[in-house]
Amino acid sequence: MVCRISISSYLCTKSTINHTLMDIGTVIKERRALLGISQQDLSDYSGVGISTVKDLERGVGNPSLQTLQKILDVVGMEMVLQVKQTVK
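Residues numbered from 1 in each chain as written. Predicted model: local features only at pLDDT ≥ 70, side-chain atom pairs only at ≥ 80, totals over all residues. Heavy atoms only, no water.

(A) Expanded view of the nonpolar core. Counting 13 residues, the largest nonpolar core has Ile28, Leu42, Ile71 and Val75 as its most contacted members. Residue assignment for this core shows that the elements contributing at least two residues are helix H1 (17-35), helix H3 (50-58) and helix H4 (65-74). Setting aside chain neighbours within four positions, we find Leu42 in contact with Ile28, Arg32, Ile37, Val53, Glu57, Ile71, Val74 and Val75. (Core = buried A, V, L, I, M, F, W, Y, C linked by side-chain atoms within 4.5 Å. Buried < 20%, exposed > 50% of the residue type's maximum accessible area, 1.4 Å probe, protein only. Helix = DSSP H or I, 4+ residues; strand = E, 2+ residues; numbered from the N terminus. Contact = heavy atoms within 4.5 Å.)

(B) Quick look at the packing of helix H2 (residues 39-46) against H3. It is the contact of H2 with H3, at a shortest axis distance of 9 Å, that shows an interaxial angle of 120°. What the angle tells us is that H2 and H3 run oblique. In the crossing of H2 with H3, the sense of the turn from one axis to the other is right-handed. On H3, the residues that touch Gln39, Gln40, Leu42 and Ser43 of H2 are Ile50, Val53, Lys54 and Glu57. Tallied by class, residues from the contact of H2 with H3 come to 3 nonpolar, 3 polar and 2 charged. (Axes fitted to C-alpha atoms, helices over the stretch in contact; angles between N-to-C directions. Parallel < 35°, antiparallel > 145°, perpendicular 65-115°, else oblique. Left-handed = near helix turned anticlockwise from the far one by under 90°. Nonpolar A, V, L, I, M, F, W, Y, C, P; charged D, E, K, R; others polar.)

Scope: geometric values only; no functional claims are made or implied.
What follows is the structure, given as structure tokens:
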């Protein structure tokens, strides 16, 4: 899985989704702190439950792409999914 959150030029390539979610959660947490908004604010603005926000920032849970998009919209980030190229 390859994921990129372009606002911070953060690129992650991990073998498991759990590690990737931990990385994404860290980036979201840092961005939220930079903006000076609380987890509750992020929850309220995005319409995502507070427990989901907390779980995401801790790298646990299994958020949908739609949920991630709602959160990223609030913090001014975007998600770009790419298909990994295979060598034949």
